Amino acid sequence: MSRWSDLEDEMHELPLDPNTAERLIAGAIAPEDAPPGYANVARLLEAVAGEASPEELVREPETVKIVAAAMRSPSHNHLASPKRSFMPSALTRPRMTAAAAAAALVCSASLAVAGALPGAAQDIASSMLEKVGISVPGPNENAGTHPNERGNSSTVAPSTAGKGAEISDLATTTDRTGLEKGAAISDLASGGKSQAAEHASSPGGAAVVETPNSGGAGTADMMSGGQSSNGTSTADTASNGHSSAGSGNRP
Amino acid sequence: MMAFPGKFKSILAAASEGAEWAIAELYREFHPNVLRYLRTQAPADGEDLASQVWIDVAAGLARFSGDQAAFRHWLFTIARRRLVDFRRREMRRRAVLDSLDRSFATAHSLDPELHALDASDTEIALRRVARLPPDQAEVVLLRVLGGLDVAAVAAILDKSPGAVRVLQHRALKRLAEQVETERAERVTR
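First, a word on scope: everything that follows refers to the structure included in this document. (Residues numbered from 1 in each chain as written. Chains lettered and ligands numbered in written order. Predicted model: local features only at pLDDT ≥ 70, side-chain atom pairs only at ≥ 80, totals over all residues. Heavy atoms only, no water.)

## Describing helix α1 (residues 8–16) of chain B
Residue and element names in this part refer to chain B. Looking at α1, one finds that the buried residues are Phe8, Ile11, Leu12, Ala14 and Ala15. Viewed along the axis of α1, the buried residues span an arc of 165°, placing them on a single side of the element. Trailing α1 by a residue or two, Gly18 shows a phi angle of about 95°, which is positive. (Buried < 20%, exposed > 50% of the residue type's maximum accessible area, 1.4 Å probe, protein only. Helix = DSSP H or I, 4+ residues; strand = E, 2+ residues; numbered from the N terminus. Arc of directions from axis to C-beta.)

Next up, the structure:
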């Protein structure tokens, strides 16, 4: 038998009961008290947990500062909050509200930047976004005929109020009647754009309005076997004069 | 492993308020063993992993409650999680680098006997533990460096207490065999 196989046999003869193993690894057995073959293991385990070397503590100053700063920072409350719950009620609702508000803000801001808001709203958005350094078109640049200024009814342009009074005056004082009176008022209100005056002076005396389907009455008559025109009188007869149906009923 | 007999509570309270002296006390007491555990398991990245552990401690210290043993348990649970995360990242990274020839760098960076001439007793002892099968090495390190009992190690490693006892028993026998083999090699030279 070789020397190596002798050693292998010896290694297999290093008995260790569970209780001794537990005490050994817990550091409860000094090397000199260790069972045969385990004195060096006991020393090794002592060395594993030996005194700290300066190299092992070389990062102490920076790590301590970082941890201390983290502990003192206001956001630490967030870091130290209890484990996140997956229940949405308490946390999700405010978040959803905030998200909706943010989305609305972004949407409004986008419209403002595009100059697509109505004049007064564009004016408000323009002044607000200007404060945060965002330049957007003013109300006069894209607002078309929408009001250019914020304000209330007392600041309505005097010209508009004067026109209303003028129309009212015409309506109450003119000697014209019927179609001519209406045409005159319409003409004044529209600033001359109305065609009512022309229709008023047409030979028929009535505005020509084309109807898309002139066969309605005929169809009704045909489908009812000529009875449709008798509806109101039929109702009147049937109700012994008490029906109010139809345009021809008595008042 | 009772470095702060009777004053651990006050140190913990001060550390929770951000007192640098108290954080330094905790760091000096616990960091070296956390670092040894991580460096043995991940030689090139142990320092960074240990720093990450302290960042995690900062995030959770205000809601921690317990004595020194509980703190040690908590600390090594964090360290173990950091290590598991690291190993997952490493596996992904290795999958990417598999086509490259890294044998030279690997052989040198992981050689446990490299720089053995100027190593301290602690370094030599850690290298011997590192040569154990990984699960045995981890049990020994958590028990010795963490000062944790079988139940705590079982909880951290997600194993049964019986499995942990078997692993530590095998680890001790293997360490004894290693030491005896080296002694015999010195005799035969």
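## Looking at the interface of chain B and chain A
In this assembly, 51 residues from chain B lie in contact with 45 residues from chain A. Interface area, chain B with chain A, both sides summed: about 4300 Å², of which 66% is carbon and sulfur. Of all residues in chain B, the largest losses of buried area upon contact with chain A belong to Glu20, Tyr27 and Leu172 of chain B, amounting jointly to 14% of the total for that side. The tally of links from chain B across to chain A stands at seven salt bridges. Across the contact surface, chain B and chain A share 14 residue pairs in polar contact (both at pLDDT 80 or more). Every element with two or more residues in the side of chain B that touches chain A is listed here: α1, α2 (20–41), α3 (46–60), α6 (121–130), α7 (134–144) and α9 (161–188) of chain B. (Contact = heavy atoms within 4.5 Å. Buried area = accessible area lost by both parts, 1.4 Å probe. Salt bridge = Lys/Arg side-chain N within 4 Å of Asp/Glu carboxyl O. Polar contact = N/O pair within 3.5 Å; in protein donor to acceptor, adjacent residues only side chain to side chain.)

## A word on the side chain of Glu138 of chain B
All names here are of chain B. By the secondary structure assignment, Glu138 is in helix α7. One polar contact links Glu138 to Tyr37, side chain to side chain, over a distance of 2.6 Å. Apart from the residues within four sequence positions on either side, Glu138 is in contact with Tyr37, Gln41, Arg80, Leu83, Arg87 and Leu157.

## Topic: the packing of helix α3 (residues 39–48) of chain A against α6 of chain B
Following both chains from N to C, one finds α3 of chain A and α6 of chain B inclined at 110°, their axes separated by 8 Å at the closest point. Looking at the two axes, α3 of chain A sits roughly perpendicular to α6 of chain B. Judged by the sense of rotation from one axis to the other, the crossing of α3 of chain A with α6 of chain B is left-handed. Contact with α3 of chain A, carried on its side by Leu44, Ala47 and Val48 of chain A, involves Asp121, Thr122, Ala125, Leu126, Arg128 and Val129 of chain B of α6 of chain B and no other residues of that element. Considered class by class, the residues forming the contact of α3 of chain A with α6 of chain B number six nonpolar, one polar and two charged. (Axes fitted to C-alpha atoms, helices over the stretch in contact; angles between N-to-C directions. Parallel < 35°, antiparallel > 145°, perpendicular 65-115°, else oblique. Left-handed = near helix turned anticlockwise from the far one by under 90°. Nonpolar A, V, L, I, M, F, W, Y, C, P; charged D, E, K, R; others polar.)

## A word on the packing of aromatic side chains
Residues and elements named next belong to chain B. Using the criterion set out here, one finds seven aromatic pairs over all chains in the structure. An angle of 50° between the planes, with centres 5.3 Å apart, marks the rings of Tyr27 and Trp54 as tilted. Of this pair, Tyr27 sits in helix α2 while Trp54 sits in helix α3, placing them 27 residues apart in sequence. Residue class for Trp54 comes out buried when judged on its relative accessible area of 1%. (Phe/Tyr/Trp six-rings, centres within 6.5 Å; stacked < 30°, edge-to-face > 60°.)

## Observations concerning the environment of Ala24 of chain B
As for its position among the elements, Ala24 of chain B is in helix α2. The sequence separation of Ala24 of chain B and Ile11 of chain B amounts to 13 residues, and the corresponding C-alpha distance is 9.8 Å. Among residues more than four places away in sequence, those in contact with Ala24 of chain B are Glu60 and Val64 of chain A.

## Topic: the pattern of salt bridges
Under the defined criterion, the tally for this structure stands at 18 salt bridges over all chains. Arg59 of chain A is the partner of Asp48 of chain B in a salt bridge, and the nearest nitrogen-oxygen pair spans 3.3 Å. Here the residue Asp48 of chain B occupies a position in helix α3, and Arg59 of chain A occupies one in the loop between α3 and α4 (60–72), the pair thus bridging two chains. Here Arg59 of chain A falls in the partly exposed class, since its relative accessible area comes to 22%. For the salt bridge of Asp85 of chain B with Arg82 of chain B, the shortest nitrogen-to-oxygen distance reads 3.4 Å. Of this pair, Asp85 of chain B and Arg82 of chain B both sit in helix α4 (residues 68–97), separated by three residues, roughly a single helical turn. Look at Asp85 of chain B and you get partly exposed, because its relative accessible area is 29%. Within this structure, Asp56, Arg82, Asp85 and Arg88 of chain B form a network of salt bridges that share partners.

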